Every structure is written in structure tokens, then in C-alpha cells.
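Take a look at the letters that make up each chain.
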Amino acid sequence: MPFLRLVAVLSLALLAALPARAFETRAHAAWVYDMTTRTVLLEKNADIPLPPASMSKLMTLELLFDALRDGRVTMDTTFAVSTRAKQMGGSTMFLNELDRPSVHELMQGIAINSGNDACVVVAEGLAGSEEAFARLMTERAQALGMTNSSFANASGWPDPGQRMSMHDLGVLAAHIITNFPEYYPLFAETTYNYKDRAPANAHNRNPLLKISAADWHADGLKTGHTEEAGFGLVGSAVMGERRIVFVLSGMASDTERAQEAEAVANWAFRQFVLNTMATKGTQLAEAPVWLGAVPKVGLAPAEDVTLLLPAGAKEGVTAEAVFNGPVQAPVKAGDPLGQLVIHIPGLDEPTTVPLVATADVAEGGFLVRMKTAIGRLSARAFQAASGANS
């Protein structure tokens with residue numbers, strides 16, 4: 001029996017309102033993502049590999065978090081400081097060769113002080129050399145699906161081989177938040193001063209950590225700045241049950257970066273609202289069953305269908321149940337059979353939710369098989385007769 005890709009157009013109850021206004025960001029490149037609903041809210045030059053500056057330190061921290069997770073190091077593990085690390089310019093912890101900073105201190109030095117010297121210490125401590133560590137960074141990025149990223153160093157120091165897309169940086173930020181919740185609070189710490197050596201460089205540069213909005217707050221991740229890259233920020237903020245990740249790059253000043261980041265967060269939270277369109281287990285469509293004890297089986301979402309919609313929009317939202325059918329018996333309740341595909345105006349990518357069987361369907365007995373066989377024979381005879389008469 002040939003299986004066909006079948007589509008059933010559905011109607012979902014929506015709330016009425018006006019569509020969200022588009023956000024015209026001043027950033028050269030941007031990516032805004034709602035983690036709660038896995039919805040991309042904004043893309044601008046998001047897949048172009050660009051100089052990431054210190055935002056690439058998130059990749060260095062990810063490899064360090066991974067080493068902590070699998071026990072290769074502990075928070076108390078200490079690393080030596082090479083002359084190469086000491087001589088790093090830009091933002092530093094002001095380490096020297098006599099220091100033996102712990103992993104915990106280095107994490108703070110990277111996340112809060114943006115220490116270039118700390119990044120070299122971690123790279124050499126984990127991989128033997130910064131060059132070897134950069135290769136590990138690139139390999140790890142590829143494994144995480146970050147296909148527009150390559151690394152030449154651990155700190156984001158300007159180099160033609162140091163490139164990341166804003167999309168990749170957002171994927172990395174979401175990965176860290178999801179997979180390393182025990183270390184993520186580090187990014188919200190506002191000050192760190194290693195051995196009282198750097199009072200002028202002790203403060204976290206993330207401008208949103210200083211903002212006290214009435215209903216949302218930022219809690220990470222990392223800024224970046226070089227002459228080539230401009231001013232950038234990988235940020236995350238929370239309002240109620242929603243979390244957004246946003247990446248901005250290529251702004252003209254730290255003031256513009258701060259203003260744009262706050263504007264993006266306000267837009268993402270104010271111009272989009274959560275709506276539960278259907279609950280888990282609610283039948284939305286039916287699929288024909290081939291040689292089953294019953295001819296059809298219900299299709300229901302495997303999880304609540306909670307969508308992030310432009311504030312109050314209803315016009316133009318469409319939903320389709322897509323599956324290969326007829327479905328071959330036997331079927332068990334909960335078997336994945338298709339997808340609910342929802343197209344939302346203003347968003348480039350559709351939202352998809354798995355559809356599963358609502359009930360068991362056993363294989364049909366002798367009578368079902370006979371009836372099916374007779375039906376197929378009759379259809380063939382009709383086709384043959386139609387061909388002869390044409």
C-alpha cells in the first residue's frame with residue numbers, strides 16, 4: 001500500500017489584536033530567540049561569520065564547564081600562568097607567573113573581568129597550548145551545530161580565523177543556560193577583583209545587570225568590543241515563565257549597546273504574548289489506518305501547544321496536521337504519527353509540535369482483510385474498465 005503525505009487544515013482558537021511591530025535594530029547583526037517556545041523573534045545578518053570579540057569567551061567557558069561536569073577538573077584545581085598569558089593586553093585579571101589561580105577564580109575572571117590572560121591560562125591548562133585549545137573550540141562548536149564558527153584563540157583577540165555568527169552565539173548561550181544551570185549564575189555577578197589588583201576592571205560590563213525593570217530582569221551573559229567588531233552583547237533576560245536570548249553586534253558605542261539591548265528586551269517581552277492553543281492529548285485530526293480493527297485513529301499534540309504570538313494577532317495564523325498515511329496497523333497510543341505545523345504572521349519559521357496517536361488500534365481480523373482486498377480488486381477493475389472505454 002503506498003503511503004501519501006497527507007495534510008489536514010485545522011482551526012485553532014486565537015486571541016484578537018494587532019500584529020507586533022517589527023523591530024528595527026541599530027545593530028549590524030542580531031538574533032533574538034524565545035527559549036520558552038523555541039521561537040526566533042528577530043534575525044538580521046544572523047548567519048554571517050563576524051569577529052565576535054570577547055563574546056567568544058563563552059566558548060572557552062563552555063569547554064571549562066564541560067571539564068568540570070565530567071570531573072577532569074574541580075573548582076579548586078589550579079593552573080599555572082605562563083609568560084604568554086601574563087603578557088596578554090586588553091582586559092585582564094593582572095595575573096603573573098607566580099600566581100596559581102583556581103578554576104573558580106578563572107571562571108570569575110573570564111565572565112566578570114573578561115580576562116584575556118585568564119582565557120590563555122584555561123586554554124593552556126586544559127589543552128597544553130592555546131592553539132590546541134582553539135582547535136578544540138572549533139570542534140566543539142561544530143558538534144553543537146554552530147556551523148558558522150571557527151576559532152584561532154581562547155579570548156576573542158582580533159584574528160582573521162576568529163569568527164562566529166550571531167545565530168551561533170545565541171545557540172551557545174541557550175546551550176549554556178540549559179545544560180550548565182549550576183554555573184550559569186556566575187554571569188549575573190557584578191564585581192570580581194582578583195587579589196585586589198584590578199579595581200578599575202572589577203565590574204561586569206553587561207549593562208542590563210544594572211537595570212531594574214518592573215517585570216523582567218537580565219541575568220547574563222557576555223559583552224564584547226574591538227575596533228573591528230564594534231560593541232556587542234550576548235544577553236538573556238527573564239519575565240515570568242519566559243526567557244529570551246539576544247545577540248547584538250556592530251554597535252558604535254557602549255551607550256548605544258546598552259540602549260539597544262534594553263530596547264530589544266522590552267520589544268521581545270511587550271510585543272509577543274504566550275497563548276495556549278491546544279492542550280496535550282486533545283484530538284485535532286484523524287488519520288486513516290491501513291488494515292486496522294478501526295478505520296481511523298485520532299491525532300493529538302504530544303505536549304501543550306503554547307505559542308508566542310505577536311501581541312493579539314489572529315489574522316493569518318494557520319495550522320496543519322501533516323502525516324504519512326494511511327497509518328499501518330497496529331498502532332499504540334502515544335506513537336508519533338505526524339506534526340502540527342503552525343504558521344504565524346511575522347515569523348519566518350513555522351512552529352512544529354509532534355502529533356501522536358490518541359488510542360491503540362489493533363490489526364484487523366479476517367473480515368477486515370477480506371473487505372480491503374475486495375475493495376482494492378474493485379478499484380483495479382474500475383480503473384481497467386475506465387481505461388478500456390477511454
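Residues numbered from 1 in each chain as written. Predicted model: local features only at pLDDT ≥ 70, side-chain atom pairs only at ≥ 80, totals over all residues. Heavy atoms only, no water.

How would you summarise the UniProt feature "active site" (unreviewed entry) in the protein chain if you had to cite specific residues and measurements?
Under the UniProt annotation, "active site" (unreviewed entry) lies at Ser54, Lys57 and Ser114. With the annotated positions falling across 61 residues, the maximum pairwise C-alpha distance of 7.8 Å places them together in a single cluster. With respect to the element layout, Ser54 can be found in the loop between β3 (39–44) and α1 (57–69). Other than its neighbours up to four places away in sequence, Ser54 contacts Ser114, Ser155, Lys222, Thr223, Gly224 and His225. (UniProt positions renumbered as here; feature names shortened; annotations may be inferred. Helix = DSSP H or I, 4+ residues; strand = E, 2+ residues; numbered from the N terminus. Contact = heavy atoms within 4.5 Å.)

Break down the confidence of the model for the protein chain for me, with residues and values.
Regions with low pLDDT carry predicted coordinates that are not meant to be interpreted in detail. Taken residue by residue, the protein chain gives an average pLDDT of 87. The fraction at 70 or more is 85%. In this model residues 13–20 is a low-confidence stretch, pLDDT under 50, and it forms 25 contacts with partners more than four residues away in sequence or in other chains. Confidence over residues 373–379 falls short of pLDDT 50; this stretch has one contact with residues more than four positions distant or in other chains. (pLDDT = per-residue confidence, 0-100.)

Give me the environment of Ile110: which residues, what numbers.
Here Ile110 lies in helix α3 (residues 103–111). Remark: the alpha-carbon pair of Ile110 and Thr60, spanning 50 residues in sequence, is separated by 8.9 Å. If sequence neighbours within four positions are ignored, Ile110 has contacts with Lys57, Thr60, Leu61, Gly115, Ala118, Cys119, Val122 and Lys222.

Which residues make up the nonpolar core, and what values go with them?
Considering soluble globular proteins, one finds that nonpolar side chains tend to be buried as a cluster. Ranked by size, the top nonpolar core spans 60 residues in total, and within it Phe65, Leu106, Met107, Phe187, Leu221 and Val234 carry the most contacts. Contributing elements (two or more residues each) for this core: β2 (29–34), α1, α3, α4 (116–127), α5 (130–143), α6 (166–179) and β6 (242–251). Looking at which element gives the most residues to this core, the answer is α1, with eight residues. Sequence-distant contacts of Leu221, that is, excluding residues within four places in its chain, are made with Leu58, Ala173, Ile177, Tyr184, Phe187, Asn206, Val234, Gly235 and Ser236. (Core = buried A, V, L, I, M, F, W, Y, C linked by side-chain atoms within 4.5 Å. Buried < 20%, exposed > 50% of the residue type's maximum accessible area, 1.4 Å probe, protein only.)

Tell me about the packing of α1 against α4, residues and numbers included.
One can describe the packing of α1 onto α4 by two numbers: an axis separation of 11 Å at closest approach and a directional angle of 40°. Relative to α4, the element α1 is oriented oblique. As for the relative orientation of α1 and α4, their crossing is left-handed in sense. Of the residues in α4, those in contact with Lys57, Thr60, Leu63, Leu64 and Ala67 of α1 are Asn116, Cys119, Val122 and Leu126. Split into classes, the residues belonging to the contact of α1 with α4 amount to six nonpolar, two polar and one charged. (Axes fitted to C-alpha atoms, helices over the stretch in contact; angles between N-to-C directions. Parallel < 35°, antiparallel > 145°, perpendicular 65-115°, else oblique. Left-handed = near helix turned anticlockwise from the far one by under 90°. Nonpolar A, V, L, I, M, F, W, Y, C, P; charged D, E, K, R; others polar.)

I'd love a proper account of helix α7 (residues 254–270), names of residues and values included.
The end-to-end C-alpha separation of α7 is 24 Å, in line with the 24 Å expected for 17 residues at 1.5 Å each. Those residues of α7 not exposed but buried are Glu256, Arg257, Glu260, Ala261, Val264, Ala265, Trp267, Ala268 and Phe269. Check the buried side of α7 and you find it contacts β2, β3, β4 (217–226), β5 (230–239), β6 and β7 (272–278). (Expected span 1.5 Å × (residues − 1).)

A description of the packing of α4 against α5 should follow, citing residues and the corresponding values.
Here α4 crosses α5 at 85°, and the two axes come no closer than 8 Å. As far as their axial angle goes, α5 and α4 are roughly perpendicular. Here Val120, Val122, Ala123, Glu124, Leu126 and Ala127 of α4 lie close against α5, whose contacting residues are Glu130, Ala132, Phe133 and Leu136.

Could you give an account of the environment of Asn206, naming the residues involved and the relevant values?
Along the chain, Asn206 falls in the loop between α6 and β4. Between the C-alpha atom of Asn206 and that of Val234, which follows or precedes it by 28 residues, the distance is 8.9 Å. If we ignore the near neighbours within four places in the chain, the residues touching Asn206 are Gly220, Leu221, Thr223 and Leu233. At 3.1 Å, the side chain of Asn206 and the backbone nitrogen of Leu208 are in polar contact. A polar side-chain atom of Asn206 sits 3.2 Å from the main-chain carbonyl oxygen of Gly220. (Polar contact = N/O pair within 3.5 Å; in protein donor to acceptor, adjacent residues only side chain to side chain.)

So what's going on with the pairing of β3? Residues and values would help.
Along a regular strand, successive side chains alternate from one face of the sheet to the other. Of the strand pairs in this sheet, β2 and β3 are connected by five bridges, and their pairing is antiparallel. Each residue of the ladder has a partner; that of Tyr33, found in β3, is Val40. The antiparallel pairing of β2 with β3 creates a hairpin that spans four residues between the two strands, and Arg38 there sits at a positive phi of about 55°. (Pairing = 2+ DSSP bridges.)

Please give an account of the packing of aromatic side chains that cites residues and values.
Under the definition given, this model contains nine aromatic pairs. Here Trp267 and Phe272 contribute two aromatic rings whose centre-to-centre distance is 5.2 Å and whose plane-to-plane angle is 90°, an arrangement assigned as edge-to-face. Both residues of the pair, Trp267 and Phe272, belong to the buried class. The structure contains a cluster of three or more aromatic residues connected by ring pairs, namely Phe65, Phe180, Tyr183, Tyr184 and Phe187. (Phe/Tyr/Trp six-rings, centres within 6.5 Å; stacked < 30°, edge-to-face > 60°.)

Lay out the side chain of Thr351 in plain terms, naming residues and giving numbers.
Examined against the element boundaries, Thr351 turns out to sit in strand β14 (residues 351–357). Beyond its immediate chain neighbours, meaning those up to four positions away, Thr351 contacts Leu307, Leu340, Val341, Ile342 and Ile344.

I'd like to hear about the sheet that holds β3, residue by residue, with values.
What the five strands build is an open sheet, ordered β3-β2-β6-β5-β4; its pairing is antiparallel. Two strands close off the open sheet at either side, each with one partner strand: β3 and β4. Direction aside, neighbouring strands of the sheet carry axes that sit 5° apart on average. Strand direction decides the pairing type here: β4 and β5, joined by nine bridges, are antiparallel. Residue Gly220 lies in a different strand from β5, and its bridge partner there is Ser236. Each of β2, β3, β4, β5 and β6 touches α7; the most contacted strand, β6, lies at about 150° to it.

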